[in-house]
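Residues per chain are reported as follows:
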Amino acid sequence: MKKNIFIIFILIISAVLSGCSLKPNVEKLYKEETPLEAEIIIPNNFSDNEKETIQVNLTQEGEKVKDADFVHFEIWKQDGTVKYYMEEANNLGNGTYSISKDFDSEGLYFVKVHAGNKGSIIMPRKQFVVGELSESDLDFLRKGAQSEIEVHEHHH
Amino acid sequence: MSSIKEATNKKNTKASLYQTVWRWHFYAGIIFAPFLIILAITGSIYLFKSQIENVIYQDYYEVNPQGDRITATEQIEEAKRLYPDSVVTKYRPGENDERSSEVSIMTSDNESLTVFIDPYTGKSLGELNNADRIMDRIEEFHGELMAGTLGDRIVELAACWAIVLIVTGLFLWFPRKKKDLSGVLIPRFNKGKKIFRRDLHAVPAFWITAGMLFLIMTGLPWSGFWGNQFQALVTNTGFGYPPSVWIGDAPSSIVQTKDIADVPWAAETLEVPKSEVQGLIPISIDEVVEIANSEGMHPSYTVIFPNDKEGVFTLSAFPPKAQDEATIHIDQYTGAVLADYRYDNYGLIGKIVAWGITLHKGTQFGLINQLISLLICLGIILVAVSGFYLWWKRKPKKDLGAPKAISIKKMKFFLLLMIGLGIVFPLVGLSLIVVLAIDWLIIKRIPRLRKFLNA
């Protein structure tokens, strides 16, 4: 009898000692956010003297966001020579929003999307290349390699 | 005739139960009292952490508000200029206008430094090596005796055994003669030295029992073993802290690796593949600060930087009062708030644990909280020392003077109690198994040892 108690005792202790970890998806038991997700699509080719269209596909909780509270685009060139200030996007429907601009000068560009829907606000930023990179662009990229901190704000 | 026999039997069982309980109290006390004294002393000091650090780090903390603050990016740039090869791990903007900002960095030789920046002038006020911060060392002493995981387990074991000491101690203290409160609630000063010594231990011990039990129970949830198991268990039920606040991973940034802009580390030539350069880049720390402000983060927050491509910016604030706590995870590429956990979002047990922690640290109610906790710590020291003294004065020259061992098989209730404690606190259970093994394998076989231990 006493032996049995002892064995059960050791079993329970080893069960507890072996430990428990968090269940997958345990966060579903607590307050959840509904973050917006954005896929920014840059054209593959840029041609002179023609407007190019940059698109963003917005989704939230796995659904396409057909009527977002706001979607703005902001585009600038690394060397500061091109600057398209924040502008409202065209709603192409089906969760896709776009902006069309001239990209006649070659180099490193940035596009930043400001979007908000149902309490979630996002500001994803993508860098892209039109034509060839200049020496200044390469310097910028190398500097970025050393310091993770973005300094683009100075170009505003 | 038979009733007399029964009465003596009953009296004997009572006496032997007393002996058994005393014996456990005796050994647990001798072994763990030194640790309890260490915990009480380090705890007493750590209680006053904020006051002490405000004095010793005054030159690092205080700044004169003048004009506009410079941006977080510029402050971090300054820290990076001073330590070019380091990695920024955290940024703390400072909870009010007179408080400096802190940039935490990991240097190339793996040292954690905190650089204090005046957010008005942008100049460094100096840096502290985290390994040299005295209060951090005291916390390490308190939590793990400066001995890592082993130390953590010893502290936890001492805390759990302190519960055994409380339970057995209360049994020994419980008044057997009714009506007389001297020797129970007040010490007897005029009944001779022996009695006074006993009362010097038992009476204050009773008075601090509740406080001591409170400190143990509120300290255990952040112990490495029992605490983590407990936290995982309650988080899994939905009643604890949300994941990542105490245990569990933060969510990941929602991104596919192919969408991230590759930094051309070795771009020596002009030929950089366009596809590598093109992609998402992380949001700036200034944007993180803006998000923190718009989300109404408690001003004492710290930003923890993502440590890999899938990581997130985490805003974390554990201010003095539990109800101000907040943890927010931000997608490093989109700035989306992926999780926002405030005190109100904690489960019921999470809220209780959070209060327990701030009360344990003495921050919840400020000075009065610190003073009450200090009083309990001093009480623990007094009780541990007087217990030791009690034994020392009574100890025979040739052996330990332990109460006589009685086979535990006869103590069904006590046995069950110990098994119960051993299951709720597995480290106690484990140590009981070890003690039984030592007893059976060594002590029982060596008569001299047996006599010394009165086993």
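None of these values were measured; they are calculated from a predicted model.

A. Structural detail: the overall build of chain A. Scanning chain A from terminus to terminus reveals two helices and ten strands. Helices and strands in chain A line up, N terminus first, as α-β-β-β-β-β-β-β-β-β-β-α. For chain A, the residues scored as buried account for 26% of the 156 residues in total. Of the contacts formed within chain A by residues at least 6 apart in sequence, a portion of 63% connects residues at least 24 apart.

B. Broad picture of the overall build of chain B. Counting its secondary structure elements, chain B contains 15 helices and nine strands. Taken over the C-alpha trace, chain B has a radius of gyration of 28 Å; the compact-globule value for 455 residues is 23 Å, which it surpasses by more than 25%. Dimensions of chain B along its principal axes, counting C-alpha atoms only, are 105 × 45 × 40 Å. Per-residue burial for chain B yields a buried fraction of 34% across its 455 residues. Restricting the contact set of chain B to residue pairs at least 6 apart, pairs at least 24 apart contribute 60%.

C. Local environment of the UniProt feature "transmembrane region" (unreviewed entry) in chain B. All names here are of chain B. Sites flagged by UniProt as "transmembrane region" (unreviewed entry) map to residues 21-48, 154-174, 200-220, 371-392 and 413-443. Taken end to end, residues 371-392 has its terminal C-alpha atoms 31 Å apart, with 100% of it in helix and 0% in strand. Regarding residues 413-443, the helix share stands at 90% and the strand share at 0%, and the terminal C-alpha atoms are separated by 25 Å.

D. Summary view of the domain arrangement of chain B. Domain annotation for chain B reports domain 1 (13-48 + 140-221 + 369-453), domain 2 (69-119) and domain 3 (252-345). Centre-to-centre separation of domain 1 of chain B and domain 2 of chain B, based on C-alpha positions: 47 Å.

E. Structural context of the UniProt feature "domain: YtkA-like" (unreviewed entry) in chain A. Within this structure's numbering, the places UniProt gives as "domain: YtkA-like" (unreviewed entry) are residues 31-114 of chain A. Strand forms 61% of residues 31-114 of chain A and helix 0%; the C-alpha atoms that close the span are 25 Å apart.

F. Quick peek at the sheet that holds strand β7 (residues 312-317) of chain B. All names here are of chain B. Pairing within the open sheet is antiparallel, and its eight strands lie in the order β4-β3-β2-β1-β6-β7-β8-β9. In the strand order of this sheet, the two ends are held by β4 (124-129) and β9 (337-342), each with one partner. For this sheet, the mean angle separating the axes of adjacent strands, direction not counted, is 20°. Of the strand pairs in this sheet, strand β6 (residues 302-304) and β7 are connected by three bridges, and their pairing is antiparallel. Across the sheet, the residue bridging to Ile304 is Thr314, located in β7.

G. How the structure looks around the pairing of strand β5 (residues 83-88) of chain A. All names here are of chain A. Across the six residues of β5, zero count as buried, placing the element largely on the outside. Pairing between strand β4 (residues 70-77) and β5: four bridges, direction antiparallel. Along β5, the bridge assignment pairs Phe73 with Glu87. A loop of five residues connects β4 with β5, the two strands running antiparallel in sequence, and Gly80 in this loop sits at a positive phi of about 85°.

H. Region of the structure containing the UniProt feature "domain: PepSY" (unreviewed entry) in chain B. Residues annotated in UniProt with the feature "domain: PepSY" (unreviewed entry) correspond here to residues 69-126 and 282-340 of chain B. End-to-end, the C-alpha atoms of residues 69-126 of chain B are 18 Å apart, and along that stretch the chain is 19% helix and 36% strand.

I. Seen up close, the packing of helix α13 (residues 412-424) of chain B against helix α14 (residues 426-441) of chain B. All names here are of chain B. Closest axis-to-axis distance for the α13/α14 pair is 4 Å, and the angle between their directions is 125°. On the basis of the axis angle, α13 is oblique to α14. When α13 is examined against α14, the residues Met418, Leu421, Gly422 and Ile423 are found in contact with a partner set consisting of Val428, Gly429 and Leu432. The class makeup of the residues in the contact of α13 with α14 is five nonpolar, two polar and no charged.

J. Examining the nonpolar core more closely. Ala38, Val111 and Val113 of chain A together with Val103, Val288, Val303 and Ile330 of chain B are the most contacted members of the largest nonpolar core, which totals 70 residues. Structurally, this core is a two-domain feature, drawing no fewer than three residues from each of domain 2 (69-119) and domain 3 (252-345) of chain B. Not counting chain neighbours up to four residues away, the residues in contact with Ile330 of chain B comprise Val288, Ile291, Val312, Phe313, Leu315, Gly335, Val337 and Leu338 of chain B. Counting residues in each nonpolar core, the second largest holds 36 residues, with Ala28, Val234, Ile380 and Phe425 of chain B among its members.

Each value, and the rule that gives it
Residues numbered from 1 in each chain as written. Chains lettered and ligands numbered in written order. Predicted model: local features only at pLDDT ≥ 70, side-chain atom pairs only at ≥ 80, totals over all residues. Helix = DSSP H or I, 4+ residues; strand = E, 2+ residues; numbered from the N terminus. Buried ≥ 20, exposed ≤ 12 C-beta atoms within 10 Å, placed from the backbone. Contact = placed C-beta atoms within 7 Å. Rg over C-alpha atoms; globule rule 2.2 N^0.38 Å. UniProt positions renumbered as here; feature names shortened; annotations may be inferred. Domains from an automatic or database assignment. Pairing = 2+ DSSP bridges. Axes fitted to C-alpha atoms, helices over the stretch in contact; angles between N-to-C directions. Parallel < 35°, antiparallel > 145°, perpendicular 65-115°, else oblique. Nonpolar A, V, L, I, M, F, W, Y, C, P; charged D, E, K, R; others polar. Core = buried A, V, L, I, M, F, W, Y, C linked by C-beta atoms within 7 Å.

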